[in-house]
Amino acid sequence: MTTVTVDWDINLATLDSLRAVRRKLYGVLETELSGMSLEDQVKYGASLHQVGLAVLKLEAAKLKGVNQLFKEKESDLKEATAALEANSAALKDTVKMIRAINEGLSLVTHFVQLLD
């Protein structure tokens, strides 16, 4: 399998969007979390974990390179993360924001798993 390098601009934009989503999740107050249903609390934790893993994998990809399959989807990943960031920023209701992030992460996670 041939290893290629990431597109620096795309990778940076993708990371910026993921970091913005992560900051949004970290900004949820403990009192809000404890007032949520258990299902939404689990979605919150899973989303935070998936965003963190995606950031770590993309940061590592800058150093070690990526496979061709990921390279072909790099722009799609950027678009998916930008949409995820925009959707999370637009929602003021914490539960709706967490649910939107959780749903939107499935596409992002799919692309990031191509790095494995």
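Small disclaimer: the values here were computed from a predicted structure and weren't measured. (Residues numbered from 1 in each chain as written. Predicted model: local features only at pLDDT ≥ 70, side-chain atom pairs only at ≥ 80, totals over all residues. Heavy atoms only, no water.)

J.: I'd like a rundown of the nonpolar core, residues and numbers included.
T.: For soluble globular proteins, the rule of thumb is that nonpolar side chains tend to be buried together. Formed by 29 residues in total, the largest nonpolar core has its most connected members in Leu 25, Phe 70 and Val 108. When neighbours within four sequence positions are excluded, Leu 25 is seen to be in contact with Tyr 44, Ser 47, Leu 48, Val 51, Met 97, Ile 98 and Ile 101. (Core = buried A, V, L, I, M, F, W, Y, C linked by side-chain atoms within 4.5 Å. Buried < 20%, exposed > 50% of the residue type's maximum accessible area, 1.4 Å probe, protein only. Contact = heavy atoms within 4.5 Å.)

J.: Would you mind going over the packing of helix 3 (residues 38-64) against helix 5 (residues 94-112) in detail, with residue names and values included?
T.: The geometry of helix 3 relative to helix 5 is characterised by a closest axis approach of 9 Å and an angle of 35° between their N-to-C directions. Considering only the axes of helix 3 and helix 5, their crossing is left-handed. Contact residues: Asp 40, Lys 43, Tyr 44, Ala 46, Ser 47, Gln 50, Val 51, Ala 54 and Lys 57 in helix 3; Val 95, Ile 98, Arg 99, Ile 101, Asn 102, Leu 105, Thr 109 and Val 112 in helix 5. The residue makeup of the contact of helix 3 with helix 5, split by class, is nine nonpolar, four polar and four charged. (Axes fitted to C-alpha atoms, helices over the stretch in contact; angles between N-to-C directions. Helix = DSSP H or I, 4+ residues; strand = E, 2+ residues; numbered from the N terminus. Left-handed = near helix turned anticlockwise from the far one by under 90°. Nonpolar A, V, L, I, M, F, W, Y, C, P; charged D, E, K, R; others polar.)

J.: Run through helix 1 (residues 8-26), naming residues and quoting values.
T.: Here helix 1 contains 19 residues, and its C-alpha end-to-end distance of 26 Å stays within 8% of the 27 Å for a straight helix at 1.5 Å per residue. Among the residues making up helix 1, those that are buried are Ile 10, Asn 11, Thr 14, Leu 15, Ser 17, Leu 18, Ala 20, Val 21 and Leu 25. Of the surrounding secondary structure, the elements contacted by the buried residues of helix 1 are helix 3, helix 4 (68-90) and helix 5. (Expected span 1.5 Å × (residues − 1).)

J.: Quick rundown of empty space enclosed by the protein? Include the residues and the values.
T.: Under the counting rule described, the total for this entry stands at one cavity of 30 Å³ or more. Roughly 30 Å³ of internal volume is contained in the largest cavity. The wall of the largest cavity is formed by Ile 10, Asn 11, Thr 14, Leu 58, Phe 70, Glu 74 and Leu 77. Those elements that provide at least two residues to the lining of the largest cavity are helix 1 and helix 4. Residues that form the lining of the largest cavity fall into these classes: four nonpolar, two polar and one charged. (1 Å grid on protein atoms, 1.4 Å probe; cavity = no way out; pocket = protein on both sides within 12 Å on 5 of 7 lines; lining within 4 Å. Points joined across faces, edges and corners; volume = space filled by probe spheres on them.)

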